[in-house]
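Breakdown of the fold
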Amino acid sequence: ESAAFATAVCWSLTALFFSFSGRRVGSDVVNRSRLLFAIGLYAVAHRLLVGNWLPVGAGSERWGWLALSSVLGLVVGDSALFQAYVLVGPRLSMLVMSLVPILGTCLAWVLLGETVTATEVTGIALTVGGVAWVVVAPDPAGTPGGRRDYRLGIVLALGGALGQASNLIAARYGLAGDFPAGTGRYIRILGAATALWGVSHARRDVGRIAGRWHDRRALAAMLGGALVGPFLGIWLSLYAV
């Protein structure tokens with residue numbers, strides 16, 4: 001429970017860092033850069049804690065589940081979320097992301113057979129009602145692109161929430177048998193980085209992304225976000241799972 005709460009704090013800080021940098025250099029640059037920076041942090045931590053630079057001996061089935069988790073959460077979900085940061089800002093984006101535990105509960109009920117109590121259903125109803133109350137009565141003047149960008153931003157934030165919820169279900173299968181959460185998070189980051197940077201390489205877009213690192217304020221924000229998000233945040237979330 002403490003790890004889950006600390007995860008929420010990390011995600012809040014991450015939203016501020018990546019919202020700021022995304023508006024300066026673009027959400028696609030932020031999404032790819034933070035994974036690359038996080039790999040460096042993971043490699044050092046894994047070497048100190050486990051004894052090797054790469055996660056070996058995990059098994060192909062575990063790699064498959066954790067790779068699926070990384071695609072759902074770090075590639076699809078976060079790509080949508082980072083663009084939502086740019087369109088509607090971190091406040092509304094993180095409000096919609098508060099639906100992640102609800103979506104995760106529904107998926108766990110369907111896929112894992114977990115029980116949902118009447119008290120939990122009441123909490124779900126209150127949370128959904130509160131989020132809906134805010135997002136259906138927008139102030140278009142507060143969104144740079146007006147009502148159209150507002151609606152798209154909310155949809156993207158919902159996509160980010162669904163990506164995070166589904167990634168937790170896949171991660172649970174990958175972490176079965178008390179597999180170390182630290183190694184699990186490293187595998188997820190490697191999978192997501194390989195996918196995103198592979199696409200960038202195919203598009204010959206690597207030079208453009210690296211060129212945006214000349215913006216020192218954006219670079220500092222991306223490094224800070226990589227520390228509290230893909231590094232500490234994912235570590236704590238997988239430990240909680």
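First, a word on scope: everything that follows refers to the structure included in this document. (Residues numbered from 1 in each chain as written. Predicted model: local features only at pLDDT ≥ 70, side-chain atom pairs only at ≥ 80, totals over all residues. Heavy atoms only, no water.)

**Some words on the side chain of Asn31**
Note the cut-off: Only DSSP runs of H or I with at least four residues qualify as helices, and only runs of E with at least two residues qualify as strands; both kinds are numbered from the N terminus onward. Only protein chains enter the accessibility calculation, which uses a 1.4 Å probe. A residue is then buried if its area is under 20% of the maximum for its type, exposed if over 50%, and partly exposed in between. Contacts between residues were defined by any pair of non-hydrogen atoms, one from each residue, lying within 4.5 Å.
When you line up the elements, Asn31 lands in helix 2 (residues 27-49). Given the relative accessible area of 1%, Asn31 is considered buried. Look past the residues within four positions of Asn31 in its chain and what remains in contact with it is Leu74, Val75, Asp78, Ser79, Phe82 and Leu196.

**Considering the packing of aromatic side chains**
Operational definition: When two rings of Phe, Tyr or Trp (its six-membered ring) have centres within 6.5 Å they constitute a pair, described as stacked for plane angles under 30 degrees, edge-to-face for angles over 60, and tilted for the intermediate range. Look at NZ for Lys and CZ for Arg. If either is within 6 Å of the ring centre and within 35 degrees of the ring normal, a charge sits over the ring.
Counting across every chain of the model gives 7 aromatic pairs. Between Phe37 and Trp213, the ring centres sit 5.4 Å apart and the planes meet at 50°, which makes this aromatic pair tilted. You can see Phe37 sitting in helix 2 and its partner Trp213 sitting in the loop between helix 8 (206-211) and helix 9 (216-240), a full 176 residues away along the chain. Owing to a relative accessible area of 16%, Phe37 belongs among the buried residues under this scheme. With a centroid separation of 6.0 Å and 35° between ring planes, the pair formed by Tyr42 and Tyr186 is classed as tilted. You can see Tyr42 sitting in helix 2 and its partner Tyr186 sitting in helix 7 (residues 181-202), a full 144 residues away along the chain. Taking relative accessible area as the criterion, Tyr42 reaches 0% and is therefore assigned buried. Look at Tyr186 and you get buried, because its relative accessible area is 2%. Ring pairing ties together the aromatic residues Tyr42, Tyr186, Phe231 and Trp235, which thus form one cluster. Above the ring of Trp235, the side-chain terminus of Arg185 is found at 3.8 Å from the ring centroid.

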